[in-house]
Amino acid sequence: MALLDVNGLQIFYGDLQAVFDMNFTVADGEAVALVGANGAGKSTFLKALVGLNEERHGAVHFDGVDISQMPAEEVSRLGLIMVPEGRLLFDSLTIEENLLMGSVNRRKGSWTLRRVFDLFPILEERRRMFPGQLSGGQQQMAAIGRALMSNPRLLLCDEISLGLAPVVVEQIYRSFADIRREGTAVVLVEQDVKRALATSERIYCLLKGRVSLTGPAQGLQPEQLTHAYFGN
Amino acid sequence: MACAAVLIAVIAGAPFLLNEGILRLATECLLLLTMAQMWNLLAGYAGLVSLGHQVFIAFGAYALFLTSGWLEVTPIWVLPVAPLVAAAVAAIIAFPLFRLRDAYFSIAMWVFAEIIGAFTMKSQAVGGTSGVPLATSKLIDFDWFEPTMFWLAGGLTLITIAALYKMMTSSFGLGLMSVRDNDLAAMSVGVDVRHNRFIAFVLSAAGCGLAGALSFMGNLFIAPLAAFDVNWSVYMMFIVIIGGIGTLEGPILGVIIFFGLRELMTGPLGLSGGWYLVGLGIIAVVVMIVAPRGIWPVLRDRLGVRLLDVHRAAPRPAAATMLPGASERVTG
Amino acid sequence: MIWVETLINGALLGGLYGLLGIGLALVFGVMRVVNIAHGEFMVLSAFCAVLLSNLFPQVSPLLMLIPVIALSFAVGWLYQAAIVNRVVTSPDPLSPLLLTFGVSVILRNVMVEIFGADVRSLQVGELSRASLEIAGLNIGIMPLLTLVLAALLFMALQLVLRHTEFGRIVRATADRRDIVRLSGVKPDRVYNYVMGLSLALGAIGGVLLAVRSSFTPFSGAERLLIAFEVVVLGGLGSFWGALLGGIALGMAQLIGLKIDPNAGLLYAHLLFFIMLLIRPSGLVSSRV
């Protein structure tokens, strides 16, 4: 059985419908890329999964538990954790305190402050600083670290390479090998399609709120993807 | 038009049909309605909640009492002094107060009212804590006093509502409402937010000054504890909140509920004024939680009635098309 | 010499005023709500203390602080859960203001009807008259104890907010209400605790102020205005700033009373208003 099983999900954004009849699965330990143009509904979908968007209808099961109408604070305790777009760190908390916020209601698991610092050594150096004093890449590492601190079974990453230098993006993506070694499944929402494909096993492409393509990440025809990404 | 003519006829004829007690109550209703409309102009349309509006009522009333005494003329002839003084005070204090937003503005207004109230109590020239009677009351023709008060209050109410209606359908009103809905959006389409707020603030003060002057003129006496009573703001706020903030009909409905409840609770039910305020407060709190825009908008949508509905389109894209000269700045 | 004494007594009073402000600042810092009913809750706690000390005349009224603090915490929790949380995320920033103002009117008039409009005070006997003679200056023991208590409470609050998980959660919730939910935290629940804490701190201020000067059900407005001025003068959000703001107001008030015995809070209000004129920046936003 899939770890995450989404069936016929409809998501609304005020009066507008943002996602239509979405089917989506992630197996235990799997890495799945979710790509699509701006405004395709990727972020809305992730927010709805973790319970930050309340206007949703359809079946969503995580590890067999129905989470379709569960509030965000309960979803996170099950181990479905999002790294939000734009990092959204807590500005008046130090980096270390930001990381500790991830462990407030943590599941049992192997991620600790120590291990996050081993994964991103720069964070240990900057542990007493505030997010505003860090570079974008370091902030992104802190946001990922905060999510890891709660020992996720499935990590949802929203646009983690946005606005970062290629070298930094490279470094962050390298860390995924470590993260996945724990058996953590990952969903990557990315603008950078090439990188997303290289890191994942399966891909979903969203177009105007609907799944326009799904299949294995490797061996995908470029024109097939272009068509699914831009339509027509 | 026909409707306005009927209203004018009703107000002109009422004193001949009603007894003095009811007439006095009606005058009180109309004056409080005017004040509530003025508070609503500021809170409902300009987004500024004042908890110190009693200061304008007091300024208007004291201005009337003092000027009438100095010039030794019937208070009615110096009525225009009241709104002018209140407006001038508002224009001056707008400078420090407009630097503050939201609750800070509200409470700073309150502190300002407290300061002026404290100075008034200290100043023997204006009667200190014991207050002053209307020095020129001997010039008043008491046979026609209550009817005249009623006509003045009625006239003021009609003019206020007509003027607000006119204003809210003008480009100034639309600009003001876009300010309330969204500062940034309004600024981005070229509405001068500060300027519009300033005008609303001064007008609101002037209206309260005039209504306050009339109210205390009817009592022939003024004292600081009554004039600077924060309950003036409480009444205005409750009337607007319960009736419907940001609508012209809301305060009318609010005043009906305000006086209806008062007459019911303090009359047949025999409860004290304190319990009446508790009851009113509970209604206001429940309305704020259940229907944050007030009762009138709910009724309007249920019944589909339109009385003085100011055509209000969505503030975002519509504002740009409705404000002449604004759209060019956006596109240009 | 008499002026030095006035200044010192003003500073001691300021500790108490700082306590009035701190609860208001806490709620504002965490949920961006100015709780207009804060003053009425303080008066309510003073009434509770009077009631309790009438029931148990053999117990020192200052010991009544303990049950009153506990009660205030519970009241704050319920107040937040039942009322304030319903509008705290309203898109209209005026909603919480109007709502808490409505609650203040209800509370004030309920107190008038239940306790009457008479002037009350809390008697602590000898302690309120005891004083120290230092270098020719006459310093009251009670005001001195109050200032020390205020400083200790400020330190304790600072420690809790800076160095405990609860404090971390409160600060994180103040920063990003939605994102703490991703850590399994219920922001409404955090707000309940914060309001409880705020009213508990308010209760300490309210009871101690009732020892110092008499009060009526109408005193809430005065207390709210003082609390608000303390918070604004202190630069919003900084706890030590609130203590300094309180001291400035306390001095202004006592100097004013020396000049004019009937001045009441006039000089404190004036100081606040003048500060608005000359130092408006930094008045608008900041965090805990």
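With an unreviewed UniProt entry as reference, chain C is termed Branched-chain amino acid ABC transporter permease, source organism Bradyrhizobium quebecense. Regarding chain C, the UniProt comment filed under Subcellular location (unreviewed entry) reads as follows: "Cell membrane".

### Some points on unusual backbone geometry
Non-glycine residue Asp63(A) carries a positive phi angle of around 55 degrees. Accessibility expressed as a relative area gives 41% for Asp63(A), which makes it partly exposed. The backbone of Arg32(C) sits at a positive phi, close to 60 degrees, despite the residue not being glycine. Arg32(C) sits in the partly exposed class, given a relative accessible area of 37%.

### Some remarks on the pairing of strand 1 (residues 131–134) of chain C
Residues and elements named next belong to chain C. The sheet contact formed by strand 1 and strand 2 (residues 137–140) spans 4 bridges and is antiparallel. Opposite Leu132, over in strand 2, you have Ile139 as the bridge partner. Between strand 1 and strand 2, which pair antiparallel one after the other, the connecting turn spans 2 residues, and Ala135 there sits at a positive phi close to 50 degrees.

### Observations concerning the nonpolar core
Core analysis: the largest hydrophobic core is formed by 241 residues, its most contacted members being Phe24(A), Phe45(A), Leu154(A), Phe56(B) and Phe201(B). By residue number, the principal contributor to this core is helix 2 (residues 20–45) of chain B, which donates 15 residues. Looking at which domains feed residues into this core, each of domain 1 (1–229) and domain 2 (230–308) of chain B gives three or more. Setting aside residues no more than four positions away along its own chain, Phe201(B) makes contact with Leu42(B), Phe56(B), Ala90(B), Ile93(B), Ala94(B), Phe98(B), Phe105(B) and Met109(B). One finds Leu119(A), Leu134(A), Leu164(A) and Tyr173(A) within the second-largest nonpolar core, a separate group that totals 32 residues.

### Brief notes about the interface of chain C and chain A
Contact residues are listed per partner, giving 17 residues for chain C and 26 residues for chain A. Looking only at chain C, the three residues that lose the most surface to chain A are Arg168(C), Arg181(C) and Leu182(C), adding up to 33% of its buried area. Our enumeration of links across chain C and chain A arrives at 3 salt bridges. Of the charged contacts, one joins Asp91(A) and Arg176(C) as a salt bridge, the two residues approaching to 3.7 Å between their closest N and O atoms. The tally of links from chain C across to chain A stands at 12 residue pairs in polar contact (both at pLDDT 80 or more).

### Some points on the side chain of Asn53(A)
Residue and element names in this part refer to chain A. Assignment of secondary structure puts Asn53 in the loop between helix 1 (42–50) and strand 4 (56–62). Among the polar contacts made by the side chain of Asn53, one reaches the main-chain amide nitrogen of Glu55 at a distance of 3.0 Å. Excluding anything up to four places from it in sequence, Asn53 contacts Ile11, Phe12, Tyr13, Thr44, Lys47 and Ala48.

### A short note on the pairing of strand 1 (residues 4–13) of chain A
Residues and elements named next belong to chain A. Pairing between strand 1 and strand 2 (residues 16–26): 7 bridges, direction antiparallel. Across the sheet, Tyr13 pairs through a bridge with Leu16, a residue of strand 2. With 6 bridges connecting them, strand 1 and strand 4 associate as antiparallel partners. For Gln10, the partnering residue across the bridge sits in strand 4 and is His57.

### Thoughts on the environment of Val169(A)
When you line up the elements, Val169(A) lands in helix 7 (residues 166–181). In this structure the C-alpha to C-alpha distance between Val169(A) and Gln140(A), which are 29 residues apart in sequence, comes to 9.6 Å.

Conventions adopted
Residues numbered from 1 in each chain as written. Chains lettered and ligands numbered in written order. Predicted model: local features only at pLDDT ≥ 70, side-chain atom pairs only at ≥ 80, totals over all residues. Heavy atoms only, no water. UniProt positions renumbered as here; feature names shortened; annotations may be inferred. Buried < 20%, exposed > 50% of the residue type's maximum accessible area, 1.4 Å probe, protein only. Pairing = 2+ DSSP bridges. Helix = DSSP H or I, 4+ residues; strand = E, 2+ residues; numbered from the N terminus. Core = buried A, V, L, I, M, F, W, Y, C linked by side-chain atoms within 4.5 Å. Domains from an automatic or database assignment. Contact = heavy atoms within 4.5 Å. Buried area = accessible area lost by both parts, 1.4 Å probe. Salt bridge = Lys/Arg side-chain N within 4 Å of Asp/Glu carboxyl O. Polar contact = N/O pair within 3.5 Å; in protein donor to acceptor, adjacent residues only side chain to side chain.

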